[in-house]
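Understanding the architecture of this molecule
The chain contents come next:
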Amino acid sequence: MKMVFRWFGEKHDSIPIQYVSQIPNVSGVAATLMDKQAGDLWTADEIAALKNSITAAGLEMEVIESVNIHDDIKLGVPSREKYIENYKETIKNLGQAGVRVICYNFMPIFDWMRTDLWKKLDDGSETMSYDHTVMESIGEPNEMIRRFEAGSGGFSLPGWEPERLSMVKELFRKYDGITHDDLMDHLRYFLEQIMPVCEEYNVKMAIHPDDPPWDLFGLPRVLKDRDSMQEILTMVDNPYNGITLCTGSLGVSPDNDIPALIREFGARIPFAHVRNFKRTADKTFWETSHFTPDGSLDMYAIVKALHDCAPDCYIRPDHGRMIWGEKGRPGYGLYDRALGVAYINGLWESMDRQG
Ligand SMILES: [Mn+2]
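Quick summary incoming for the structure in this document. (Residues numbered from 1 in each chain as written. Predicted model: local features only at pLDDT ≥ 70, side-chain atom pairs only at ≥ 80, totals over all residues.)

1. Quick look at the sheet that holds strand E2 (residues 26-31)
- Strand order in the closed barrel formed by eight strands is E1-E2-E3-E4-E7-E8-E9-E12, and the pairing between neighbours is parallel. Geometrically, the sheet is characterised by an average inter-axis angle of 30 degrees between neighbouring strands, direction not taken into account.
- The sheet contact formed by strand E7 (residues 204-207) and strand E8 (residues 241-246) spans three bridges and is parallel. Bridging across to E8, alanine 206 finds its partner in glycine 242. (Pairing = 2+ DSSP bridges. Helix = DSSP H or I, 4+ residues; strand = E, 2+ residues; numbered from the N terminus. Axes fitted to C-alpha atoms, helices over the stretch in contact; angles between N-to-C directions.)

Structure below.
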């Protein structure tokens with residue numbers, strides 16, 4: 001296992017990279033070029049500059065989160081070819097810079113979704129929450145966007161870039177009639193095209209589950225449960241086609257037994273996002289500390305499954321609460337995520353010692 005920490009870059013993160021290197025056992029960051037739009041080519045020079053800013057702090061850049069997929073690839077339209085070519089070149093450039101895993105997602109239009117970015121908990125901390133009744137009462141995507149922009153605290157949220165959201169109505173029109181099977185077929189095509197480059201440059205692709213793992217605004221989802229996970233892994237049966245096992249995305253569906261999924265598919269899980277949440281009703285939850293008794297997931301069982309079945313994976317703590325008065329990007333403060341690292345470290349060490 002290698003512990004990494006998501007970091008958005010010097011210009012885009014509230015946390016100095018040096019602070020990340022002070023967290024015990026963190027070997028590197030899950031990095032990105034935030035200024036890049038989906039479909040853009042990442043040049044070798046841009047990647048080298050990013051890597052220099054990370055290695056200067058004694059950290060590695062072996063995981064990228066994310067290289068976003070252009071909607072034309074998800075839509076399966078002819079113009080996807082040029083974006084796939086850009087993606088191949090980006091994989092090559094990242095591989096040559098030492099990157100081993102690229103996390104990405106195949107969610108149409110929207111990235112992850114919450115109905116409140118600043119829910120106040122009883123202990124005074126703030127966290128992100130999702131309430132499906134609120135979601136249904138909004139009904140209309142532009143209202144969701146307005147709320148996100150109002151609540152993001154001045155940061156742009158990953159996957160919620162304003163430039164892209166301004167085109168949201170047009171995108172909805174393009175996705176009209178795209179079925180679950182269509183979307184899965186477009187994912188298969190994309191993976192088949194890029195796999196030879198992944199093999200040549202030793203870069204594993206790790207698709208992130210849909211978050212939350214159910215359909216939103218009538219848009220189809222590709223990765224939300226065990227069967228869709230198996231379908232993706234078998235339709236392109238290549239070790240370079242892997243999964244980012246995100247405990248908090250998949251886990252909010254009570255049908256998804258996270259330790260069992262890790263035990264079944266561990267060999268194809270190069271990257272894991274570990275977080276906990278409290279499920280309070282059907283499709284309703286808020287994000288908690290990582291500590292098992294605080295949430296609905298059994299973190300010991302999850303880490304044990306990773307320890308046993310994906311021992312070489314990269315792990316990062318996922319979203320944390322805002323604690324100790326910290327202000328920052330929702331989900332991505334320093335303190336609670338660092339506590340998550342320390343907790344996972346403790347679980348892992350105890351498992352190592354038990355053999
Ligand atoms: Mn995640």
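2. Focus: the pairing of strand E10 (residues 277-281)
- Both E10 and strand E11 (residues 284-287) contribute to a ladder of four bridges, which runs antiparallel. Note that in E11 the partner of arginine 279 across the bridge is phenylalanine 285.
- Following E10, the chain reverses through two residues before pairing antiparallel with E11; lysine 283 in that reversal takes a positive phi of roughly 55 degrees.

3. As for unusual backbone geometry
- Here the bond from glutamate 65 into serine 66 is cis, since omega is 0 degrees, no more than 30 degrees from zero.
- Locating serine 66 in the fold gives a position in the loop between strand E3 (60-65) and helix H3 (71-75).
- The omega angle of the peptide bond from aspartate 211 to proline 212 is 0 degrees, so this bond is cis rather than trans.
- If you trace the backbone, proline 212 turns up in the loop between E7 and helix H10 (226-235).

By themselves, these are just geometric observations and shouldn't be taken as functional.
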